[in-house]
Amino acid sequence: MKIVFIGAMGVGKTTAIAAVSDIPPVSTEATNNDLEQNAKATTTVAMDYGEIHLGDDEAVALYGIPGQERFSFMWPILAEGAMGAILLLDHSQSDPVAQLAAYLDAFSTLVAKGAVVIGVGHTSLPASQVLPGYAQLLRERELSLPMFISDVRKRQDVLLLVETLIANAEVNQLLGNP
Ligand SMILES: Nc1nc2c(ncn2[C@@H]2O[C@H](COP(=O)(O)OP(=O)(O)OP(=O)(O)O)[C@@H](O)[C@H]2O)c(=O)[nH]1
Ligand SMILES: [Mg+2]
(Lines give C-alpha, C1' and ligand atoms only; values in the text may rest on other atoms or scores of the structure.)
(Ligands and ions follow the chains in the order given, each with its own letter.)
Protein backbone atom coordinates (compact mmCIF):
# COMPACT_ATOMS: atom_id res chain seq x y z
CA MET A 1 0.00 0.00 0.00
CA LYS A 2 1.41 3.35 -1.04
CA ILE A 3 0.35 6.86 -0.04
CA VAL A 4 1.80 10.11 -1.36
CA PHE A 5 1.95 13.36 0.64
CA ILE A 6 1.39 16.37 -1.58
CA GLY A 7 1.19 20.15 -1.17
CA ALA A 8 3.22 23.32 -1.54
CA MET A 9 6.58 24.19 -0.09
CA GLY A 10 6.57 24.32 3.70
CA VAL A 11 3.13 22.81 4.31
CA GLY A 12 4.75 19.97 6.28
CA LYS A 13 5.06 16.87 4.08
CA THR A 14 8.52 15.96 5.39
CA THR A 15 7.39 16.72 8.96
CA ALA A 16 4.27 14.55 8.61
CA ILE A 17 6.17 11.52 7.32
CA ALA A 18 8.76 11.84 10.09
CA ALA A 19 5.95 12.08 12.67
CA VAL A 20 4.38 8.71 11.79
CA SER A 21 7.10 6.60 10.20
CA ASP A 22 8.01 3.36 11.97
CA ILE A 23 11.42 3.42 10.28
CA PRO A 24 13.89 6.31 10.31
CA PRO A 25 12.50 8.37 7.42
CA VAL A 26 14.57 8.81 4.30
CA SER A 27 14.71 12.46 3.34
CA THR A 28 16.49 14.44 0.66
CA GLU A 29 16.80 17.86 2.27
CA ALA A 30 19.04 20.56 0.84
CA THR A 31 19.60 24.19 1.71
CA ASN A 32 16.58 26.27 0.77
CA ASN A 33 17.61 28.94 -1.71
CA ASP A 34 14.00 29.94 -2.36
CA LEU A 35 13.57 32.02 0.80
CA GLU A 36 11.02 34.25 -0.93
CA GLN A 37 8.66 31.31 -1.28
CA ASN A 38 9.28 29.99 2.24
CA ALA A 39 11.74 31.04 4.92
CA LYS A 40 12.63 27.58 6.25
CA ALA A 41 16.24 26.42 6.25
CA THR A 42 15.91 23.28 4.10
CA THR A 43 13.65 21.92 1.38
CA THR A 44 13.05 18.50 -0.13
CA VAL A 45 14.80 18.11 -3.49
CA ALA A 46 13.74 14.60 -4.55
CA MET A 47 11.42 12.81 -2.14
CA ASP A 48 10.68 11.67 1.39
CA TYR A 49 10.11 8.05 2.32
CA GLY A 50 8.73 6.42 5.44
CA GLU A 51 6.73 3.36 6.43
CA ILE A 52 3.91 2.56 8.83
CA HIS A 53 3.98 -1.10 9.89
CA LEU A 54 0.52 -2.59 10.32
CA GLY A 55 1.42 -6.18 11.07
CA ASP A 56 4.28 -8.61 10.57
CA ASP A 57 4.28 -8.36 6.81
CA GLU A 58 2.04 -5.43 5.96
CA ALA A 59 3.34 -1.90 5.57
CA VAL A 60 2.05 1.39 4.25
CA ALA A 61 4.73 3.14 2.20
CA LEU A 62 4.69 6.91 2.59
CA TYR A 63 6.16 9.13 -0.12
CA GLY A 64 6.51 12.91 0.07
CA ILE A 65 6.87 15.12 -2.95
CA PRO A 66 9.23 18.09 -3.17
CA GLY A 67 6.98 21.17 -2.98
CA GLN A 68 9.04 23.41 -5.26
CA GLU A 69 7.56 23.78 -8.76
CA ARG A 70 10.96 23.19 -10.35
CA PHE A 71 10.83 19.60 -9.08
CA SER A 72 7.27 19.00 -10.32
CA PHE A 73 8.59 16.43 -12.81
CA MET A 74 8.96 14.18 -9.73
CA TRP A 75 5.27 14.42 -8.80
CA PRO A 76 3.78 11.87 -11.25
CA ILE A 77 6.75 9.58 -10.66
CA LEU A 78 6.09 9.57 -6.91
CA ALA A 79 2.30 9.25 -7.34
CA GLU A 80 2.64 6.23 -9.65
CA GLY A 81 0.79 3.30 -8.11
CA ALA A 82 -0.37 5.26 -5.04
CA MET A 83 -3.73 4.28 -3.59
CA GLY A 84 -4.26 7.88 -2.58
CA ALA A 85 -2.85 11.23 -1.57
CA ILE A 86 -2.82 13.35 1.55
CA LEU A 87 -2.98 16.98 0.46
CA LEU A 88 -1.56 19.34 3.07
CA LEU A 89 -2.32 23.07 3.17
CA ASP A 90 -0.73 25.90 5.15
CA HIS A 91 -3.55 28.16 6.28
CA SER A 92 -1.07 30.94 7.13
CA GLN A 93 0.18 31.26 3.54
CA SER A 94 -1.19 34.02 1.32
CA ASP A 95 -3.63 32.07 -0.86
CA PRO A 96 -4.03 28.50 0.35
CA VAL A 97 -7.34 28.04 -1.52
CA ALA A 98 -5.46 28.63 -4.79
CA GLN A 99 -2.93 26.03 -3.64
CA LEU A 100 -5.74 23.56 -3.06
CA ALA A 101 -6.97 24.22 -6.61
CA ALA A 102 -3.47 23.78 -8.06
CA TYR A 103 -2.85 20.45 -6.32
CA LEU A 104 -6.30 19.09 -7.20
CA ASP A 105 -5.36 19.83 -10.83
CA ALA A 106 -1.85 18.38 -10.57
CA PHE A 107 -3.12 15.11 -9.06
CA SER A 108 -6.39 14.91 -10.98
CA THR A 109 -6.22 11.12 -11.47
CA LEU A 110 -6.30 10.49 -7.71
CA VAL A 111 -8.90 13.25 -7.24
CA ALA A 112 -11.17 11.59 -9.82
CA LYS A 113 -10.98 8.38 -7.78
CA GLY A 114 -11.95 10.29 -4.63
CA ALA A 115 -8.66 9.10 -3.17
CA VAL A 116 -7.54 12.35 -1.56
CA VAL A 117 -7.77 13.52 2.07
CA ILE A 118 -7.05 17.16 2.94
CA GLY A 119 -5.21 18.32 6.07
CA VAL A 120 -5.15 22.05 6.83
CA GLY A 121 -2.39 23.15 9.18
CA HIS A 122 -0.51 26.17 10.53
CA THR A 123 -3.56 27.57 12.29
CA SER A 124 -5.00 27.73 15.78
CA LEU A 125 -8.43 28.86 14.57
CA PRO A 126 -11.43 26.53 14.90
CA ALA A 127 -12.50 24.39 11.95
CA SER A 128 -15.69 26.45 11.59
CA GLN A 129 -13.58 29.47 10.63
CA VAL A 130 -10.90 27.69 8.63
CA LEU A 131 -12.60 25.05 6.51
CA PRO A 132 -15.50 26.87 4.74
CA GLY A 133 -13.21 28.59 2.20
CA TYR A 134 -11.78 25.25 1.10
CA ALA A 135 -15.19 23.54 1.22
CA GLN A 136 -16.52 26.19 -1.14
CA LEU A 137 -13.89 25.30 -3.75
CA LEU A 138 -14.70 21.59 -3.38
CA ARG A 139 -18.40 22.34 -3.85
CA GLU A 140 -17.68 24.36 -7.00
CA ARG A 141 -15.84 21.33 -8.36
CA GLU A 142 -18.52 18.92 -7.15
CA LEU A 143 -15.96 17.10 -5.04
CA SER A 144 -16.58 15.52 -1.69
CA LEU A 145 -13.24 14.92 0.01
CA PRO A 146 -12.58 14.44 3.73
CA MET A 147 -10.95 17.50 5.27
CA PHE A 148 -9.45 18.07 8.73
CA ILE A 149 -7.46 20.63 10.65
CA SER A 150 -4.16 18.83 11.22
CA ASP A 151 -0.99 19.71 13.03
CA VAL A 152 1.36 17.36 11.19
CA ARG A 153 3.94 17.66 13.93
CA LYS A 154 1.59 15.42 15.93
CA ARG A 155 1.60 11.71 15.16
CA GLN A 156 -2.12 11.31 15.99
CA ASP A 157 -3.13 14.05 13.57
CA VAL A 158 -1.19 12.45 10.71
CA LEU A 159 -2.51 8.98 11.57
CA LEU A 160 -6.07 10.31 11.33
CA LEU A 161 -5.36 11.47 7.77
CA VAL A 162 -3.77 8.13 6.82
CA GLU A 163 -6.56 6.06 8.40
CA THR A 164 -9.25 8.15 6.71
CA LEU A 165 -7.59 7.69 3.32
CA ILE A 166 -7.36 3.92 3.79
CA ALA A 167 -10.96 3.66 5.08
CA ASN A 168 -12.20 5.69 2.10
CA ALA A 169 -10.32 3.46 -0.34
CA GLU A 170 -11.90 0.38 1.23
CA VAL A 171 -15.40 1.86 0.93
CA ASN A 172 -14.77 2.77 -2.72
CA GLN A 173 -13.57 -0.77 -3.38
CA LEU A 174 -16.70 -2.24 -1.74
CA LEU A 175 -18.89 0.06 -3.83
CA GLY A 176 -16.99 -0.92 -6.98
CA ASN A 177 -15.96 2.69 -7.67
CA PRO A 178 -12.95 3.19 -9.99
N1 LIG B 1 3.35 26.59 13.60
C2 LIG B 1 3.16 25.48 12.90
N3 LIG B 1 4.21 24.93 12.26
C4 LIG B 1 4.00 23.81 11.57
C5 LIG B 1 2.73 23.19 11.49
N6 LIG B 1 2.84 22.09 10.70
C7 LIG B 1 4.12 22.04 10.31
N8 LIG B 1 4.83 23.05 10.84
C9 LIG B 1 6.26 23.39 10.63
O10 LIG B 1 6.37 23.79 9.28
C11 LIG B 1 7.58 23.30 8.70
C12 LIG B 1 7.24 22.40 7.51
O13 LIG B 1 8.43 22.05 6.88
P14 LIG B 1 8.59 20.74 5.98
O15 LIG B 1 8.02 19.56 6.68
O16 LIG B 1 10.01 20.71 5.57
O17 LIG B 1 7.66 21.11 4.76
P18 LIG B 1 7.55 20.36 3.35
O19 LIG B 1 6.10 20.36 2.99
O20 LIG B 1 8.23 19.05 3.39
O21 LIG B 1 8.29 21.40 2.38
P22 LIG B 1 9.14 21.13 1.00
O23 LIG B 1 9.88 19.86 1.12
O24 LIG B 1 10.06 22.31 0.93
O25 LIG B 1 8.15 21.14 -0.10
C26 LIG B 1 8.31 22.56 9.82
O27 LIG B 1 9.20 23.45 10.42
C28 LIG B 1 7.17 22.19 10.78
O29 LIG B 1 7.61 22.05 12.11
C30 LIG B 1 1.63 23.80 12.18
O31 LIG B 1 0.48 23.34 12.16
N32 LIG B 1 1.91 24.94 12.86
MG1 LIG C 1 9.75 18.30 2.33
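See the structure above.
Now for a look at the structure at hand. (Residues numbered from 1 in each chain as written. Chains lettered and ligands numbered in written order. Predicted model: local features only at pLDDT ≥ 70, side-chain atom pairs only at ≥ 80, totals over all residues. Heavy atoms only, no water.)

## A few points about the overall build of the protein
Here is step 1 of the chain: In terms of regular secondary structure, the protein is built from seven helices and eight strands.
Here is step 2 of the chain: For the protein, the spread of C-alpha atoms along the three principal axes comes to 45 × 40 × 30 Å.
Here is step 3 of the chain: Considering only contacts in the protein between residues 6 or more positions apart, those separated by 24 or more positions represent 68%.
Here is step 4 of the chain: Roughly 8,900 Å² of accessible area belongs to the protein as shown, and the carbon and sulfur atoms make up 53% of that amount.
Here is step 5 of the chain: Looking at charge distribution, the protein has the averaged site of its 10 positive side-chain charges lying 4 Å from that of its 20 negative ones. (Helix = DSSP H or I, 4+ residues; strand = E, 2+ residues; numbered from the N terminus. Contact = heavy atoms within 4.5 Å. Areas by Shrake-Rupley, 256 points an atom, 1.4 Å probe, with all protein chains shown as cover. Lys, Arg positive; Asp, Glu negative; His and termini not counted. Charge placed at Lys NZ, Arg CZ, Asp CG, Glu CD.)

## What about the packing of aromatic side chains?
Here is step 1 of the chain: Under the definition given, this model contains four aromatic pairs.
Here is step 2 of the chain: For the pair tyrosine 49 and tyrosine 63, a centre-to-centre distance of 5.0 Å together with 65 degrees between the ring planes defines the contact as edge-to-face. Within this pair, whereas tyrosine 49 is found in strand S4 (residues 48–53), its partner tyrosine 63 is found in strand S5 (residues 59–64), the two being separated by 14 residues in sequence.
Here is step 3 of the chain: When its relative accessible area of 17% is taken as the criterion, tyrosine 49 is described as buried.
Here is step 4 of the chain: Between the aromatic rings of tryptophan 75 and tyrosine 103, the centroid separation amounts to 5.2 Å while the plane-to-plane angle is 35 degrees, which identifies the pairing as tilted. Placement of the pair is tryptophan 75 in helix H2 (residues 74–79) and tyrosine 103 in helix H3 (residues 96–106), with a sequence separation of 28 residues.
Here is step 5 of the chain: Note on tryptophan 75: relative accessible area 7%, which makes it buried.
Here is step 6 of the chain: These aromatic residues form a ring-pair network of at least three members: Trp75, Tyr103 and Phe107. (Phe/Tyr/Trp six-rings, centres within 6.5 Å; stacked < 30°, edge-to-face > 60°. Buried < 20%, exposed > 50% of the residue type's maximum accessible area, 1.4 Å probe, protein only.)

## Examining unusual backbone geometry
Here is step 1 of the chain: With phi around 60 degrees, histidine 122 is a residue other than glycine that occupies positive phi space.
Here is step 2 of the chain: The class of histidine 122 is partly exposed, set by a relative accessible area of 45%.
Here is step 3 of the chain: One non-glycine residue, glutamate 142, lies in positive phi territory at about 55 degrees.
Here is step 4 of the chain: Secondary-structure assignment places glutamate 142 in the loop between helix H6 (132–140) and strand S8 (147–149).
Here is step 5 of the chain: Residue glutamate 142 is classed as exposed on the basis of its relative accessible area of 75%.

## Section: the site of ligand 1
Here is step 1 of the chain: Around ligand 1 lies a shell of 18 residues, among which Lys13, Thr15, Thr43, Thr44 and Gly67 are the nearest.
Here is step 2 of the chain: A distance of 3.2 Å is found between a nitrogen atom of ligand 1 and a side-chain nitrogen or oxygen belonging to arginine 153.
Here is step 3 of the chain: With the chains in place, 77% of the 670 Å² that ligand 1 exposes on its own is no longer accessible.
Here is step 4 of the chain: If you list the elements that add at least two residues to the shell around ligand 1, you get helix H1 (13–20) and strand S3 (42–44). (Near = heavy atom within 4 Å. Polar contact = N/O pair within 3.5 Å; in protein donor to acceptor, adjacent residues only side chain to side chain.)

## Topic: the sheet that holds S4
Here is step 1 of the chain: Read from one edge to the other, the open sheet built from six strands follows the order S4-S5-S1-S6-S7-S8, with strand pairing classed as mixed. Strand pairing shows two members of the sheet lacking a second neighbour, S4 and S8, which therefore form its edges. Strand-to-strand twist across the sheet, computed as the mean angle between neighbouring axes with direction ignored, equals 20 degrees.
Here is step 2 of the chain: Across six bridges, strand S6 (residues 84–90) lies against strand S7 (residues 116–121) in parallel orientation. Of the residues in S7, the one forming a bridge with leucine 88 is glycine 119. (Pairing = 2+ DSSP bridges. Axes fitted to C-alpha atoms, helices over the stretch in contact; angles between N-to-C directions.)

## Focus on the nonpolar core
Most often, soluble globular proteins keep nonpolar side chains buried together rather than apart.
Here is step 1 of the chain: Counting residues in each nonpolar core, the largest one holds 54 residues, and the members touching the most others are Ile3, Val4, Phe5, Leu87, Leu100 and Ile118.
Here is step 2 of the chain: A per-element tally of this core places helix H7 (residues 155–175) first, with six residues.
Here is step 3 of the chain: When neighbours within four sequence positions are excluded, leucine 100 is seen to be in contact with Leu87, Leu89, Ile118, Tyr134, Leu137 and Leu138. (Core = buried A, V, L, I, M, F, W, Y, C linked by side-chain atoms within 4.5 Å.)

## Some points on the side chain of glutamine 93
Here is step 1 of the chain: Relative to the helices and strands, glutamine 93 resides in the loop between S6 and H3.
Here is step 2 of the chain: By relative accessible area, which is 17% here, glutamine 93 ends up buried.
Here is step 3 of the chain: Within the structure, the side chain of glutamine 93 is placed 2.6 Å from the side chain of glutamine 99, a separation counted as a polar contact.
Here is step 4 of the chain: Discounting residues that sit within four places of it in the chain, glutamine 93 has contacts with Ala8, Met9, Gly10, Asn38 and Gln99.

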